[in-house]
Amino acid sequence: MVIHIEARKKPGPHPENPLDTQIKVRIDKITIDEIDFCKEKLNTTRSDVLRKGVHKLYEELKEK
């Protein structure tokens with residue numbers, strides 16, 4: 001008789017790259033207005049706007 005027991009998983013999403021690191025930045029009013037503009041146009045969050053910006057800049061610099 002073989003009994004197969006699976007490890008119990010936590011409910012909810014399990015991203016491959018968990019967002020477990022926080023950073024704090026100081027920015028001016030113009031920059032936060034630009035981030036909020038992008039946030040509204042993309043219907044997303046400030047964090048997502050910043051992540052997309054970093055990824056885009058990274059790809060541009062990597063090509064040089």
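Anything mentioned here points back to the structure above.
Computed from a predicted model, the values in this text were never measured in an experiment.

A. Representation of unusual backbone geometry in the model. For N43, which is not glycine, the phi dihedral falls at a positive 55°. Relative to the helices and strands, N43 is located in the loop between α1 (29-42) and α2 (46-63). Exposure remark for N43: the relative accessible area of 71% places this residue in the exposed category.

B. Quick peek at the layout of surface pockets. If you add up the space inside the largest pocket, you get close to 580 Å³. If you list the elements that add at least two residues to the lining of the largest pocket, you get α1 and α2. With six residues, α2 is the single largest residue contributor to the lining of the largest pocket.

C. Layout of the pattern of salt bridges. Evaluated as defined, the whole model comprises six salt bridges. Here E40 ties to K39 by a salt bridge, and the two come within 3.6 Å at their closest N and O atoms. Across the pair K52 and D48 runs a salt bridge, and its minimum N-O distance is 3.4 Å. Of the two residues, K52 and D48 are both situated in helix α2; the distance of four residues between them amounts to about one turn of the helix. One salt-bridge network, held together by shared partners, links D48, R51 and K52.

The rules we used
- Residues numbered from 1 in each chain as written.
- Predicted model: local features only at pLDDT ≥ 70, side-chain atom pairs only at ≥ 80, totals over all residues.
- Heavy atoms only, no water.
- Helix = DSSP H or I, 4+ residues; strand = E, 2+ residues; numbered from the N terminus.
- Buried < 20%, exposed > 50% of the residue type's maximum accessible area, 1.4 Å probe, protein only.
- 1 Å grid on protein atoms, 1.4 Å probe; cavity = no way out; pocket = protein on both sides within 12 Å on 5 of 7 lines; lining within 4 Å.
- Points joined across faces, edges and corners; volume = space filled by probe spheres on them.
- Salt bridge = Lys/Arg side-chain N within 4 Å of Asp/Glu carboxyl O.

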